[in-house]
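Structural overview for review
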Amino acid sequence: MAEEGLLSTENLVKTFGTLRAIDDVTLSVKPNTITGLIGPNGSGKTTLFNIISGIYSPDKGHVYFDGIDIDDLEPHEIWSKGLVRTFQIPRLFQRLTVLDNVMLGSQGNPGESFLGIFRNWGAWRRHEEEIAMKAMEILRLLEIDHLALSPASDISGGQMKLLEIGRALMSRPRMLLLDEPAAGVNPTLARRIFERIAHLRERLGLTFFIIEHRIDILSEHADKIYVLHEGRIIAEGKPEEVVNDPKVVGVYLGEG
Ligand SMILES: Nc1ncnc2c1ncn2[C@@H]1O[C@H](COP(=O)(O)OP(=O)(O)O)[C@@H](O)[C@H]1O
Ligand SMILES: [Mg+2]
């Protein structure tokens, strides 16, 4: 098994036809850290998250979460172990309120059947109230509680990104995989999103593995950064080490 870490991968390989999208990736994310994953477009970042979250099976290698081999598990099984992801494009219900969107992230809904609700109305009401209170607490942590009753379609792109994190938090995860949580958001708002993430790490003891295209924004909060290029890890280390690594500079300059 790979070195200690809440999440680790060992020699992962994933091919699409002749393309080696993930090419022998071994990495480790320590508990209660913010670990970044950067790399140019098409370098395999989302594919790696798809493997870790169980959407794709690796051709080779393993994924371990909390010491358990999870690469044969289904996405919902991985989710229920406390490893939860968000998507590059937020998957929100536009017509529902912000609060409802967060409440939908709740794990399990006992008494969901109509007959169940009818037979046990009081318990169902209490359960719904508890979920709503939990959702409000999460919105407060994210500092978007003032938007609780707005339709999701009315909030800004940055707020949608926070809302998606909020929904992921409803299942009380231990670790979050965030795919570009600040994509398409201006630098000021992007910084605010990362400040909220850092706050969640402290308050809830969470572990984060975050894909972000912009090194500068990630560097302010990440404990460690992995750099992916053509499916391979070409650099890893503290932000200041990675930013000054000639291989990384080459890859990013080559892109522009
Ligand atoms: N389901 C798929 N089928 C075929 N090719 C894919 C699939 N998913 C990703 N790819 C390819 O794998 C490479 C890595 O993609 P991706 O992981 O989305 O990159 P990133 O998130 O770093 O921009 C790209 O060349 C992409 O076209
Ligand atoms: Mg991607």
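Residues numbered from 1 in each chain as written. Chains lettered and ligands numbered in written order. Predicted model: local features only at pLDDT ≥ 70, side-chain atom pairs only at ≥ 80, totals over all residues. Heavy atoms only, no water.

A word on the sheet that holds strand β4 (residues 60–65). With antiparallel pairing, the four strands of this open sheet are ordered in space as β2-β1-β4-β5. Every interior strand has two partners, whereas the edge strands, β2 (19–29) and β5 (68–69), have only one. Judged from the two bridges that link them, β4 and β5 form a sheet pairing that is antiparallel. Paired with Tyr64 across the strands is Asp69, a residue of β5. Against the sheet, helix α1 (residues 45–52) contacts β1 (7–16), β2 and β4, and its axis sits at roughly 115° relative to β1. (Pairing = 2+ DSSP bridges. Helix = DSSP H or I, 4+ residues; strand = E, 2+ residues; numbered from the N terminus. Contact = heavy atoms within 4.5 Å. Axes fitted to C-alpha atoms, helices over the stretch in contact; angles between N-to-C directions.)

The subject of this paragraph is the pairing of strand β10 (residues 232–237). Both strand β9 (residues 224–229) and β10 contribute to a ladder of five bridges, which runs antiparallel. Residue pairing across strands places Ile225 opposite Gly237, the latter belonging to β10.

Moving on, we come to the domain arrangement of the protein chain. Structurally, the protein chain comprises domain 1 (1–82 + 173–256) and domain 2 (92–170). Between domain 1 and domain 2, the C-alpha centre-to-centre distance is 27 Å. With 19 residues of domain 1 at the interface, the matching set in domain 2 holds twelve residues. Note on domain 1 versus domain 2: buried area summed over both sides is about 1,300 Å², and carbon and sulfur give 73% of it. Area buried by domain 1 at its contact with domain 2 is led by Trp79, Arg196 and Leu200, which between them contribute 37% of it. One can count one salt bridge joining domain 1 with domain 2. For Glu143, the salt bridge identified is with Arg196, shortest N-O distance 3.6 Å. Contributions of two or more residues to the side of domain 1 that touches domain 2 are made by α2 (75–80), β7 (175–179) and α7 (187–204). Residue contributions to the side of domain 1 that touches domain 2 peak at seven residues, all from α7. Of the residues belonging to the side of domain 1 that touches domain 2, the class tally is 13 nonpolar, two polar and four charged. (Domains from an automatic or database assignment. Buried area = accessible area lost by both parts, 1.4 Å probe. Salt bridge = Lys/Arg side-chain N within 4 Å of Asp/Glu carboxyl O. Nonpolar A, V, L, I, M, F, W, Y, C, P; charged D, E, K, R; others polar.)

Pairing is mixed in the open sheet, where six strands are placed in the order β6-β7-β8-β3-β9-β10. Each edge of the sheet is formed by a strand with only one pairing partner; in this case those strands are β6 (83–85) and β10. For this sheet the average axis-to-axis angle between neighbouring strands, irrespective of direction, equals 15°. Packed on one face of the sheet, helix α6 (residues 157–169) meets β6 and β7 and runs near 155° to β7. Of the strands in this sheet, β3 (34–38), β7 and β8 (207–211) touch α7, which is tilted by about 155° from β8.

Where nonpolar side chains cluster on the molecular surface, the patch consists of Phe93, Leu96 and Leu104 and spans about 270 Å² of accessible area. Among the structural elements, Phe93 can be located in the loop between β6 and α3 (98–103). (Patch = residues over 30% accessible without salt bridge, like charges linked within 9 Å, V, L, I, M, F, W, Y side chains within 5 Å. Areas by Shrake-Rupley, 256 points an atom, 1.4 Å probe, with all protein chains shown as cover.)

Bringing the site of ligand 1 into the picture now. Residues in close proximity to ligand 1 include Phe16, Leu19, Ala21, Pro40, Asn41, Gly42, Ser43, Gly44, Lys45, Thr46, Thr47 and Tyr56, which together make up its full environment. In this structure, Ser43 approaches ligand 1 through a main-chain N or O atom, which is 3.2 Å from an oxygen atom. The side chain of Tyr56 places a nitrogen or oxygen atom 2.9 Å from a nitrogen atom of ligand 1. Computed on the free molecule, ligand 1 has an accessible area of 560 Å², of which 61% lies beneath the protein chains in the complex. Listed by contribution, the elements that provide at least two residues to the shell around ligand 1 are β2 and α1. By residue number, the principal contributor to the shell around ligand 1 is α1, which donates three residues. For the shell around ligand 1, the residue count by class is five nonpolar, six polar and one charged. (Near = heavy atom within 4 Å. Polar contact = N/O pair within 3.5 Å; in protein donor to acceptor, adjacent residues only side chain to side chain.)

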